[in-house]
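The primary structure of each chain is shown beneath.
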Amino acid sequence: MVLILLSKLDVKKVVCHTQRTVRRAVSCSGIGLHSGQKGTLRLRPAKADTGIVFKRLDLGGMEIPARIEHLSSINYATGLANNSASVETVEHLLAALVGLGVDNVIVELNQAEVPIMDGSAASFVYLVHEAGVQSLPAARKFLKVSRSISFVQGDKRIALYPSEHLNVTYSINFDHPLLRHQSHSIQLTEESFVDEIAPARTFGFLKEVELLRQKGLALGGSLDNAIVLGETGILNSSLRLENEFVRHKILDVIGDLSLIGYPIIGNLVVHRGGHALHANFAKLVLEETDAWRLVDSPVEPLEVPDSQEIPVKGTAAAR
Ligand SMILES: [Zn+2]
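Values in this document were obtained by computation on a predicted structure and should not be read as measured data. (Residues numbered from 1 in each chain as written. Predicted model: local features only at pLDDT ≥ 70, side-chain atom pairs only at ≥ 80, totals over all residues.)

### Here's the deal with the sheet that holds strand S3 (residues 26–31)
Put simply, the rule is: In this description, strands pair whenever DSSP reports at least two bridges between them. Helical segments are the DSSP runs of H or I of at least four residues, strand segments are the runs of E of at least two, and each set is numbered from the N terminus. In this analysis an axis means a line fitted to C-alpha atoms, helices contributing only their contacting stretch, and an angle means the value between N-to-C directions, from 0 to 180 degrees.
Strands sit in the order S3-S4-S10-S5-S6 across an open sheet of 5 strands; the sheet is mixed. Two strands in the sheet have a free side with no partner beyond their single neighbour: S3 and strand S6 (62–65). Within this sheet the neighbouring strands show an average axis-to-axis angle of 25°, counted without direction. In terms of strand pairing, strand S5 (residues 52–56) meets S6 through 4 bridges, oriented antiparallel.

Shown next, in the form of structure tokens:
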């Protein structure tokens, strides 16, 4: 351990991240999990500070920004609305975009639901990789947590704590032999998101399928786009990943919290969450403005006095 003296000017040299968009337009088609309707989704490049904006081509190009103030539904999936236009089941696509560091994109749709594809974010990761990613001449702002924020709803809990990275710890328990307790922790990077979270599929209980269908939900659901749990096991041939269920919950919370509008730097801990808990927490985070700061880099210190002794590991950094 070597101690060196860093001036405020030196600290400001931390790497500044630029905003990004997709390099070219790409599209995919598939059915909506809840509507059962076939539709096409196209990602188009967008300028800096556009954010993620859905565009309903079938409604004359009406736009719906992917921001928490446009949240409209949280029943079994996350939906957004702006005036009379809405879009459903946005969470897996949003998770893929934020997981791959795509800040700005226009998402064109010709119907009201994002295609479910295989129930995970893997197809959207593939789509973004096909398009390529392009830097834009504007700094990305990160929301860096400076004090803890927590929200409790019955036996469900969600909290953010200060950290230099985005870490997520998620735990679930259901009244099912396979899901009595499942927990997973991960430090999110582009690589860890792609390899360990994006392929995790959504899941549902066979005994609830009929009830969902009576409500007009899960009409497009099948073993091709969801893990289905029977009384004692799964109806699919196999799981893709260890702890695939809770990894999918991590995928969901990444997508839902993207509605805050900034990548988060903090330790996120969730127990028994769902779209409602995630969305309520996203609103709370934006209200608690003294619990975070917008910074240009995840490693930017939150408080920088004029000069300060900062321990630096190793000798290479002490040039
Ligand atoms: Zn999901």
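After that view of the structure, there is still more to cover.
### Section: the domain arrangement of the protein chain
To be explicit about the condition: For each domain, the first and last residues come from an automatic or database assignment. Two residues form a contact once the distance between their C-beta atoms, set from the backbone, is within 7 Å. Gly is placed with the polar residues, together with every amino acid not listed as nonpolar (Ala, Val, Leu, Ile, Met, Phe, Trp, Tyr, Cys and Pro) or charged (Asp, Glu, Lys and Arg).
According to the domain assignment, the protein chain contains domain 1 (10–139) and domain 2 (142–295). On a C-alpha basis, the centroid separation for the pair domain 1 and domain 2 is 18 Å. Across the boundary between the two partners, domain 1 contributes 32 residues, which contact 34 residues of domain 2. Within the residue set of the side of domain 1 that touches domain 2, elements represented by two or more residues are helix H2 (91–99) and helix H3 (122–131). Top contributing element to the side of domain 1 that touches domain 2 by residue count: H2, with 7 residues. In terms of residue class, the side of domain 1 that touches domain 2 is made up of 18 nonpolar, 11 polar and 3 charged.

### Topic: the environment of Ile227
In this fold, Ile227 is placed in strand S18 (residues 227–229). Separated by 191 residues in sequence, Ile227 and Gly36 have C-alpha atoms that sit 17 Å apart. Excluding residues that lie within four positions of it along the chain, Ile227 makes contacts with Arg201, Phe203, Ile234, Asn236 and Glu244.

### Details of the pairing of strand S14 (residues 156–161)
Of the strand pairs in this sheet, strand S13 (residues 149–153) and S14 are connected by 5 bridges, and their pairing is antiparallel. By the bridge assignment, Val152 is partnered in S14 with Arg157. Linking S13 to S14, which pair antiparallel, is a turn of 2 residues; within it Gly154 sits at a positive phi near 65°.

### Points about the nonpolar core
Here is the rule we go by: Each nonpolar core reported here comprises buried Ala, Val, Leu, Ile, Met, Phe, Trp, Tyr and Cys residues connected via C-beta atoms within 7 Å. Burial is judged by counting other C-beta atoms within 10 Å of a residue's own C-beta: 20 or more means buried, 12 or fewer means exposed, and anything between counts as partly exposed, with every C-beta placed from the backbone.
In terms of nonpolar packing, the biggest core is built from 72 residues, with Ala96, Leu97, Val105, Val107 and Val128 touching the most fellow members. No fewer than three residues from each of domain 1 (10–139) and domain 2 (142–295) sit in this core. If we skip the residues at most four places from it in the chain, Leu97 touches Ile52, Val102 and Val105. If you look at the next biggest cluster of nonpolar residues, it comprises 7 residues, including Ile31, Leu33, Ala77 and Met117.

### Some details on the packing of H2 against helix H6 (residues 244–257)
Condition: An angle below 35 degrees is read as roughly parallel, one above 145 as roughly antiparallel, one from 65 to 115 as roughly perpendicular, and any other as oblique.
Contact geometry for H2 and H6: axes closest at 7 Å, N-to-C directions at 80°. Regarding the angle of H2 to H6, the classification is roughly perpendicular. Touching Glu91, His92, Leu94, Ala95, Val98 and Gly99 of H2 are Leu251, Asp252, Ile254, Gly255 and Asp256, all from H6. Considering only residue class, the contact of H2 with H6 consists of 5 nonpolar, 3 polar and 3 charged.

### Focus on the sheet that holds strand S7 (residues 71–73)
Read from one edge to the other, the open sheet built from 3 strands follows the order S7-S8-S9, with strand pairing classed as antiparallel. Strands with a single pairing partner mark the edges of an open sheet, and in this sheet they are S7 and strand S9 (85–87). Adjacent strand axes in the sheet meet at a mean angle of 35°, parallel and antiparallel pairs treated alike. Pairing geometry for S7 and strand S8 (residues 79–82), over 2 bridges, is antiparallel. When the bridges of S8 are listed, Leu71 appears paired with Leu80.

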